[in-house]
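Read off the chains here:
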Amino acid sequence: MTADGHETLRIDRIACTGHGQCAELLPELITLDEWGYPVQRDATVPPDPHAHARRAIRACPRLALRAG
């Protein structure tokens, strides 16, 4: 959580196996690199896609996407 109350996302690159579900569910904040691994555009989750971020976190098969 940032000082202004916004939640932040983190990708555990060791746990991630490149399924790409997070990028499909949260394209506003996550894209995929040329090997299919997620790349964060911005770690801060704005208020609007907050519910989508939670859904992407729950859908991660390796629990590599986290909020903090």
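For the structure itself, look to the data block above.
Since this is a predicted model, take the numbers as computed values, not measurements.

In this structure, what is going on with the overall build of the chain? I would like to understand it.
When helices and strands are tallied, the chain shows two helices and five strands. In terms of overall dimensions, the chain has a C-alpha envelope of 35 × 20 × 20 Å along the principal axes. Within the chain, the fraction of its 68 residues that count as buried is 32%. In the chain, the proportion of contacts linking residues at least 24 apart, taken out of those at least 6 apart, comes to 59%. Taken as a whole, the chain presents about 4,400 Å² of accessible surface, with 54% of it coming from carbon and sulfur. For the chain, the distance from the average site of its 8 positive side-chain charges to the average site of its 9 negative ones is 8 Å.

Reading the values: the criteria
- Residues numbered from 1 in each chain as written.
- Predicted model: local features only at pLDDT ≥ 70, side-chain atom pairs only at ≥ 80, totals over all residues.
- Heavy atoms only, no water.
- Helix = DSSP H or I, 4+ residues; strand = E, 2+ residues; numbered from the N terminus.
- Buried < 20%, exposed > 50% of the residue type's maximum accessible area, 1.4 Å probe, protein only.
- Contact = heavy atoms within 4.5 Å.
- Areas by Shrake-Rupley, 256 points an atom, 1.4 Å probe, with all protein chains shown as cover.
- Lys, Arg positive; Asp, Glu negative; His and termini not counted.
- Charge placed at Lys NZ, Arg CZ, Asp CG, Glu CD.

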